[in-house]
Each structure stands twice: as C-alpha cells, then as structure tokens.
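Here is what each chain is made of, one letter per residue.
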Amino acid sequence: MIGRWRDVRAQGRAVALGLLGVRPRGGLAAAFGGDPRELFEFLLGLRLALPLTGGDAAALADLLGVLNVRLAARLSVVRAPDGTLTARDEHPVGLRWTGAARGVSPAEYALLAGRPPRERSRLGVEPPLIVLPTAGRAADVRAALAAHCEVMLRHGHGGLRIVVADDAPTPDAARELDAVCARARRESGFRVTRFGEWNADGRFGAKQVFRRRMAVHGALRACAERTFAPGLPGTANAVFAAFAGRDIVWLEQDATPWAPTTPARPGGGPRPFVDVMDGASAPVRPQPVDVLHVIDRLAHAAPLEARPHETHSVTYEDTDFTHLGPASSASHPLPGMVHFHTCGHPDFRARASHHLALDPGTPEPARRSLLSGGLPMRRLLADPPPTVSLRRWTSAFGTVLGLPARRTPGPPTMWATSARLVDIAVGDLMAALGVPGCVAGTGLWHDRGEVTDSGRGELSSYLFREELLWPLLHASREALGEVGAAPGDPGYPGYPAWLRAAGDAVAGRAGRGGIVPAALGHALWAELRADVRRARRSPHAEIRAYGDALAERAGETLRRTWREHHARMEAAAVAELVHYADQLRFWSALAERGPDRADGGAAGDDDRTEDVRTVPG
C-alpha cells in the first residue's frame, strides 16, 4: 500500500506542477543550485528532504505553499539551529520511510511537461460516484457543474459519473435540469444524470419512485415518508440507501473547488484563517483544489497522511477543525468521512448573526445580509492547518466530503429534523460505531445566501430551528453511548440489531425527559424577551420587523412565564428524539431486509434520470 500510495501521490503532484508550468528543464530547475533531479524527486514526494541554499528557499517558498493548498500537502522549508535550510515533505506520526527514493518515471516527466493523463490513477478500486444534491434551481446547478467539471477535467480525472440529486418541484423545473445535465455531458464527457423528484414528461422521478417504494413498511410508513421527504436530510438518506456500496463524493452546490488564499496576516504570526468583512480590502489568490485526489488519498491512506487526534474540541460557534483534543497514541482506522475546511462564508450559528443584527454598530449592508440569512464576511486561508484524523468530531457533514464505501457496517442515516442537527447526526452515528473522520489540510469556498440549500431562509426562522441543537445533541450522544458493542468488539450484534438498540436507547432518553435544562430554558426566554423589546425600539424598520417576527415565532409562551416557555421547548425536544428513535428503527428494518431491487422509473440506458438498482444491504 505504501508504494502505491507514493505513486498516486506523485502523479497528483506531477499534474499540479504541470498545470503550474513547473518543467523538468528550464525555469525553476535551471535556477536550482543542486541537481534538478533531486528537486523534482522532492516535489513529487519521492524524497523526504532536500538541502537548500538561501536562493533555493526563496525560489521554492511560494510554490510549496501553492501545492499545500491545492493538494492538502505538508511541504515546508525548515531552518536548523546552525542555519542550514532543508525543504521537508512531512509524513504523519507513525510512518518512517527508510527505502531509497526512486527516480522520476517517464510518465511523471510527461506530466511535469504539461501532458495530462487520459485518466488519473486512484487508490480506490473504482471511480467514486459524484453526487450534487440540490433544491433544483437550474442556474445554480449549471454554475456548480461548470465549476467542478472544469477543475476535474484540468486535473485529468476521467470515467466519472455525476448524479444530480434534486428536489425540482415540477416537471417544468425537471425539464430545465435535463437541459443542464445534457449540456454538462457534452462539455465534460462525464456521465451526468438526475436522481430527482420529477421527470420532464410528468412522471415520478427516480428519487420519488425510490422513496415511495421504501415507504411501504406498515406501521413505520409515516417515519419512512419523513426520512426520505424532499430536502437535505431526505435527499441524503435516499442517496445513502440507493447507492450503498459505492464510494461517494458529495458536492453541495454552494461550494466550489477552489480555496481563497491570502498572504495577509493581521497581527502577524501564523494563523490558519483570516476573516475579512465585506467592503474591506484583502488580497485574495484563488487556488483550484484537486478535490477528488485529496479525498482518494485520505479515504484510502489516512494513516499515511493524517495526524491522529482523539477529539475535535468544540467551540460554541463550531466553525472549523483547528481546536483539537489530545493526539492519539496510535494511528486510527480508515475514515468514514473526509471533510474540508470551510472558507468564504463559514457556518456560524444563527445566534452569532442574531447578536450582530441587533448591534447598532453593524453597518446597514451587513445588517440586511444577516437578516436574510447571509453572512457579510469572507474567511480566507492564510496558513493551511494540518490534515487530521479524529475519533470524535462535531461538524460532520460539510458542503464537500468523501464517503468511502463499506467503512460503516451499513449505510448511515441523517436525522430528518428541522433542529439544525442534520449535519451533526451523521458523524455522531459514525463515531458511535467507532469510525473516525478525516479533515483535509486545505479549504474550499462556500457561498452562503441565495445559493445555499441548507434551509436557512430569513434569520428569525433559522434562529428558532437552532434553539434545540445543543440540548438534542447532548441527549442523542448520551443515548448512543449506551448502545454498547461496536463493530469489531466482542458481542457486536450486527448493524440492524445495533440500529434497533440505538433507537431503543434514544427512545429511552426521550422518556426520561430533562432534555432542555431549566436554567437554559429560563436564560433563552429572558434573553429573547429582552431582544424582542430591543428590536422593536430600533430606529431601523427592518430590525423592528425582525423583532415582530421573533415574537410571532416564539408564540404565546414568550408573553407568559418562563416555565411555560421551557415546557414548550422540552416538549419539542422530546418529540424530536422520539422521531429519531423511530427513524433508527426504520433504518434497522431496511438494513435487515437486505438487498432489494428498486425500479428507478427510467430505462437503464436513459441518461436523463438515474436508474437506481441498489438499496440498503
């Protein structure tokens, strides 16, 4: 595996260097003071260290930084105490390569000379399935496909299949998406199909046929309908079930495959990210990221790439993976998910936006953006953080991620809830099953606002969907921790039985009550009453309207005692846990039922819609 990993990594670097115009002869090679062959052996990862002169270090510094961003690499120039300089290709803890560095192969020389491969080598057995989940707005899907296909083609990836998993609400909208997919097929050469709610001719689409077939389980029918309902959780669950056994790369349409890098570091010193408010100037250098290559390396060779840590230390805002717990004493198993850091618009929690919107010092354009669910700032990548493997983590379902097949004993499920837990619940399920997650040491641009399908909408609704997040998070984790044996442990009962036990544990936690602490209920009630009064006294009409919207969504209990408000929150939390318990039992029934054949509602050779023929197993 180590030799194959080195070959795949070398090919990825050779493609990137070729795109950057770095050639084996002339340019950087001619300027390098030592043997140019040594330089390219180092750059391709065939040599761990390279002695440098001061001039060499100056010539290499920017190039190494670009490769780190584009490939999630760890290349750096190190100065020893005696002043000598060495370029180092860092390996994670545990790997100590002692073999001699091989020479650059003829194929790698061709890539360095700018001749891309017909199809890239991968560690995965077969190309991953690319899934683009979307609400179905044709213009947004067109832009997302164009961005991702352009970068994948430039980096030499071929033989790919892209599934647009859409919630287009009408046959007319489906017809527009058919045209978008047809154009993407012509321009990219990839097989681009739809897994949607509707066909252009008015028939049910493949996704709707699939979810209707899955929702025939008697007493659990209502739960099945909610689990697969249109929206992010339902689409994710349909994809998990319909394409079980396939490596998946999940590309939400609000993310693009490039990182906004900046040399600016206000205050000095190394820092992973720089946050810049809209209207403020900052130099930005966009760098395309070879997403498929990074996911392939980390999904199939994480112990050779990632620093193992036990936990992701969560801050309230939960916007990055740079707050890490203690390092692990041994390498982790291969991950069930591969994430990227979020640049552009980070996923701040709604309460941060709420406080900024009410702050009289917030500029009017920023205030309007916040009230509409947007974010008036950009997060730029300054110093890429290390690639890490985490036993437990919180932000579990980013806008771009890899889902290697068969790392979990069966397909995962996403909690079908409106309480802003959908992204966290998948990772919690994997962590409870003993499957780690991996975070690549680079970032991707995320565009929050009108493009997103995350269901934020205007701020008042987003805020109330978030109120129960942390109480439910702690309650569900407590319940999953009671389940017991995970895969590989003595007494592990198998995936269907484990899911059934998890459902029983979650139901038991709901039955015990006390999900929302009384102190939290009182604090939220008091703060919300004060914020509504504050908003209604604002000189800005849109803030006064926001205060009215907050009061309306809070309901009658806001005008009553805090105990009534707390009781309402507790009842909502218990109901959400009961729903999740039912969903876990339903998923257990699907897993226990085993392989089935689902008619995708389209002929097998019809490229407009996806013919789904695999279900949970």
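Residues numbered from 1 in each chain as written. Predicted model: local features only at pLDDT ≥ 70, side-chain atom pairs only at ≥ 80, totals over all residues. Heavy atoms only, no water.

Visitor: It is not clear to me how the overall build of the chain should be interpreted in this structure. Could you clarify?
Guide: Along the chain, the regular secondary structure elements total 20 helices and 17 strands. The long-range share in the chain, meaning contacts at least 24 apart out of those at least 6 apart in sequence, stands at 79%. (Helix = DSSP H or I, 4+ residues; strand = E, 2+ residues; numbered from the N terminus. Contact = heavy atoms within 4.5 Å.)

Visitor: Could you clarify how one ought to interpret the packing of helix α12 (residues 350-358) against helix α13 (residues 364-371) in this entry?
Guide: Two measures define how a pair of helices packs: the angle their axes make with one another and the distance between the axes. Packing of α12 against α13 brings their axes to within 9 Å, and their N-to-C directions diverge by 145 degrees. Where α12 crosses over α13, the two elements pack in a sense that is left-handed. Seen from α12, the contacting residues are Ser-353, Leu-356 and Ala-357; seen from α13, they are Arg-367, Leu-370 and Leu-371. Residues of the contact of α12 with α13, tallied by class, amount to 4 nonpolar, 1 polar and 1 charged. (Axes fitted to C-alpha atoms, helices over the stretch in contact; angles between N-to-C directions. Left-handed = near helix turned anticlockwise from the far one by under 90°. Nonpolar A, V, L, I, M, F, W, Y, C, P; charged D, E, K, R; others polar.)

Visitor: It is not clear to me how the pattern of salt bridges should be interpreted in this structure. Could you clarify?
Guide: Counting across every chain of the model gives 37 salt bridges. The closest approach of N and O atoms between Asp-428 and Arg-477, which form a salt bridge, is 2.9 Å. Note that Asp-428 is positioned in helix α14 (residues 422-432) and Arg-477 in helix α16 (residues 469-480), a separation of 49 residues in sequence. Within the structure, one salt-bridge network assembled from shared partners comprises Asp-167, Glu-197, Lys-207 and Arg-211. (Salt bridge = Lys/Arg side-chain N within 4 Å of Asp/Glu carboxyl O.)

Visitor: How do you make sense of helix α18 (residues 518-536) when you look at a structure like this?
Guide: It helps to recall that an α-helix has 3.6 residues per turn; residues three or four apart then point in one direction. If you check α18, its first and last C-alpha atoms are 27 Å apart, about what 19 residues at 1.5 Å a residue would give, namely 27 Å. Of the residues making up α18, those classed as buried are Gly-521, Leu-524, Trp-525, Leu-528, Asp-531, Val-532 and Ala-535. Down the axis of α18, the sector holding all buried residues measures 140 degrees, keeping them to one side. As for α18, its buried residues are in contact with α12, α15 (459-466), α19 (541-554) and α20 (562-593). (Expected span 1.5 Å × (residues − 1). Buried < 20%, exposed > 50% of the residue type's maximum accessible area, 1.4 Å probe, protein only. Arc of directions from axis to C-beta.)

Visitor: I'm lost on the sheet that holds strand β2 (residues 75-79) in this one. Help?
Guide: Read from one edge to the other, the open sheet built from 3 strands follows the order β1-β3-β2, with strand pairing classed as antiparallel. Either end of the sheet is taken by a strand with one partner, and the two such strands are β1 (49-52) and β2. Here the average twist between neighbouring strands, direction ignored, is 25 degrees. As paired strands, β2 and strand β3 (residues 85-89) are joined by 5 bridges and run antiparallel to one another. (Pairing = 2+ DSSP bridges.)

Visitor: What should I look at first to understand the packing of aromatic side chains in this one?
Guide: Two aromatic rings, taken as a pair, are described by how far apart their centres are and by the angle between their planes. Inspection of every chain in the model, using the stated rule, returns 9 aromatic pairs. Taken together, Phe-195, Phe-210, Phe-228, Phe-243, Phe-586 and Trp-587 form an aromatic cluster joined through their ring pairs. The ring of Phe-273 carries Arg-379 above its face, with NZ or CZ at 5.5 Å from the centroid. (Phe/Tyr/Trp six-rings, centres within 6.5 Å; stacked < 30°, edge-to-face > 60°. Lys NZ or Arg CZ within 6 Å of the ring centre and 35° of its normal.)

Visitor: Would you explain the nonpolar core in this entry?
Guide: Nonpolar side chains tend to gather and get buried jointly when the protein is soluble and globular. Core analysis: the biggest nonpolar cluster contains 70 residues, and Phe-195, Phe-228, Leu-472, Trp-498 and Trp-587 have the highest contact counts within it. It is α20 that contributes the most residues to this core, 10 residues altogether. Discounting residues that sit within four places of it in the chain, Leu-472 has contacts with Trp-415, Ala-419, Leu-421, Ile-515, Ala-573, Glu-576 and Leu-577. Ranked by size, the runner-up nonpolar core spans 43 residues in total, among them Leu-132, Met-152, Val-249 and Ile-295. (Core = buried A, V, L, I, M, F, W, Y, C linked by side-chain atoms within 4.5 Å.)

Visitor: Just to check I follow, could you spell out the side chain of Arg-509 for this structure?
Guide: The topology assignment puts Arg-509 in helix α17 (residues 495-512). At 3.5 Å, the side chain of Arg-509 forms a polar contact with the backbone oxygen of Gly-514. Not counting chain neighbours up to four residues away, the residues in contact with Arg-509 comprise Ala-475, Glu-478, Ala-479, Gly-514, Ile-515 and Leu-577. (Polar contact = N/O pair within 3.5 Å; in protein donor to acceptor, adjacent residues only side chain to side chain.)

Visitor: Would you mind showing me how to read the pairing of β3 here?
Guide: Regular strands have side chains that alternate between both faces of the sheet. Burial within β3 is extensive, with 4 of its 5 residues counted as buried. Relative to β3, β1 runs antiparallel, the two sharing 4 bridges. Bridging across to β3, Leu-50 finds its partner in Ala-87. Where β2 hands over to β3, the hairpin turn is made up of 5 residues, of which Gly-83 adopts a positive phi near 95 degrees.

Visitor: Please clarify how the state of the cysteines should be interpreted in this entry.
Guide: Note on terminology: disulfide describes a covalent bond linking the sulfur atoms of two cysteines. Counting across every chain of the model gives 0 disulfides. Free of any disulfide, Cys-181 has its nearest neighbouring cysteine sulfur in Cys-149, separated by 9.9 Å. (Disulfide = S-S within 2.5 Å.)

Visitor: Help me out: how do you make sense of the side chain of His-565 in this one?
Guide: By secondary structure assignment, the location of His-565 is in helix α20. Residue class for His-565 comes out buried when judged on its relative accessible area of 5%.

Visitor: What's the story with helix α11 (residues 291-305) in this structure? I'm lost.
Guide: Between its terminal C-alpha atoms α11 stretches only 15 Å, short of the 21 Å expected from 15 residues at 1.5 Å a residue. Of all the bends in α11, the largest measures some 70 degrees and sits at Ala-299, one to four residues before the proline Pro-303. (Bend = angle between axes of the 7 residues up to and from the residue.)

Visitor: Before we go on, may I ask you to explain the environment of Arg-37 in this structure?
Guide: Assignment of secondary structure puts Arg-37 in helix α3 (residues 36-43). The exposed category is assigned to Arg-37, whose relative accessible area is 53%. Taking the C-alpha atoms as reference, Arg-37 lies 7.7 Å from Val-104; in sequence the two are 67 residues apart.

Visitor: How should the environment of Arg-226 be read in this particular structure?
Guide: Relative to the assigned elements, Arg-226 resides in helix α9 (residues 221-227). With 11 residues separating them in the primary sequence, Arg-226 and Ala-215 have C-alpha atoms 9.2 Å apart. In this view, Arg-226 contacts Ala-416, His-579 and Asp-582; residues no more than four positions away in its chain are not counted.

Visitor: What am I meant to see in the confidence of the model for the chain here?
Guide: On average, residues of the chain score 85 in pLDDT, and 89% of them are at 70 or above. In this model residues 595-617 is a low-confidence stretch, pLDDT under 50, and it forms 70 contacts with partners more than four residues away in sequence or in other chains. (pLDDT = per-residue confidence, 0-100.)

Visitor: Explain the environment of Ala-146 to me, please; I cannot follow it from the model alone.
Guide: Structurally, the position occupied by Ala-146 is in helix α6 (residues 138-154). Separated by 110 residues in sequence, Ala-146 and Thr-256 have C-alpha atoms that sit 9.8 Å apart.

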